[in-house]
Amino acid sequence: DDVESRGLGDVYKRQEFNELDSTETSIDYSKCNDSEIEFLTDIQNNIKLIEESYEKTLLFNVIISEYIKFTNRLIDEIDLNNLKFKENSKISLKIFYKSYIQLLKMISPVVPTVAEESNEMLHLKFNENQLSENYDSILASEWPGHEAIKTDNVSYNVMINGKMRFVHKSSKQLIEDGEANCIKELMNTKGGKKWIGDKEIKKVIMKPKAIVIITSK
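All of these numbers come straight from a predicted model, not from anything done at the bench.

Draft legend 1. Local environment of the sheet that holds strand S4 (residues 163-171). In spatial order, the strands read S4-S3-S6-S5; together these four strands make up an open sheet with mixed pairing. This sheet does not close on itself; its edge strands, each paired only once, are S4 and strand S5 (201-207). Taken pair by pair, the neighbouring strands of this sheet meet at an average axis angle of 20 degrees, ignoring direction. Examined bridge by bridge, strand S3 (residues 153-160) and S4 share eight bridges and lie antiparallel to one another. Looking across to S4, one finds that isoleucine 160 is bridged to lysine 163. Relative to the sheet, helix H7 (residues 179-186) contacts S3, S4, S5 and strand S6 (210-215), its axis offset from that of S5 by approximately 100 degrees.

Draft legend 2. Looking closely at the environment of methionine 159. Here methionine 159 shows up in strand S3. Sequence-wise, methionine 159 and isoleucine 211 are 52 residues apart; in three dimensions their C-alpha atoms are separated by 6.2 Å. Contact partners of methionine 159, with chain neighbours within four places excluded, come to Met164, Arg165, Ile211, Val212 and Ile213.

Draft legend 3. Geometry of the confidence of the model for the protein chain. The share of residues in the protein chain with pLDDT of 70 or more is 82%, and the mean pLDDT across the chain is 80. Overall, residues 1-7 carries pLDDT values under 50, and its contacts beyond four positions in sequence, including any with other chains, amount to 20 contacts.

Draft legend 4. Broad picture of the packing of aromatic side chains. Taken as a whole and assessed by the stated rule, the structure comprises two aromatic pairs. Ring centres of tyrosine 54 and tryptophan 143 lie 5.8 Å apart, and the angle between their planes is 85 degrees; on these two criteria the pair is classed as edge-to-face. With a gap of 89 residues between them, tyrosine 54 in helix H3 (residues 34-57) and tryptophan 143 in the loop between helix H6 (112-122) and S3 connect regions that are remote in the sequence.

Rules behind the numbers
Residues numbered from 1 in each chain as written. Predicted model: local features only at pLDDT ≥ 70, side-chain atom pairs only at ≥ 80, totals over all residues. Heavy atoms only, no water. Pairing = 2+ DSSP bridges. Helix = DSSP H or I, 4+ residues; strand = E, 2+ residues; numbered from the N terminus. Axes fitted to C-alpha atoms, helices over the stretch in contact; angles between N-to-C directions. Contact = heavy atoms within 4.5 Å. pLDDT = per-residue confidence, 0-100. Phe/Tyr/Trp six-rings, centres within 6.5 Å; stacked < 30°, edge-to-face > 60°.

Written as structure tokens, this is what we have:
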């Protein structure tokens, strides 16, 4: 885990990371895509279990296990051969940066030197041996704490000709925007293209958590 944390720091030796503000960590969940919500939920679950282990159970094996899961979740978005983001990653730079900082804070009670060294690597100016202006010591920072992921997105069960075909995540506003907008959004999804395609849509019924569509055979 120590080596992987340092390795993640190498990924950040890029100019764009120096321009991020380490003190501005708020995220507008309503603007996050499904992949980002899933990513953030995984991270917050890790943080919650680590907190509970420190505060209640003192199960060190659980803490280490969650450290590894936390690190691996970040590494999932990295091309380790080239030390850069995977081209198909759907996680924003800001969300990844915040999560990496949270990991360093979480491991600091166990490996403080690794946490601080990784933080310094993260904030080295691009092609320079100086720390960027937004550098803030991990050891002097506040514990990240568990944060509930709040989103207005709803999971809609999409039924085609009486059979549940796929689940579409969208805003609560979707079924209020009218049938045409709803169908347009669905047709831009893999499920919509697969199960509706060029078929004639004869009827659409929109409910709070379900969209029923009758098409030609």
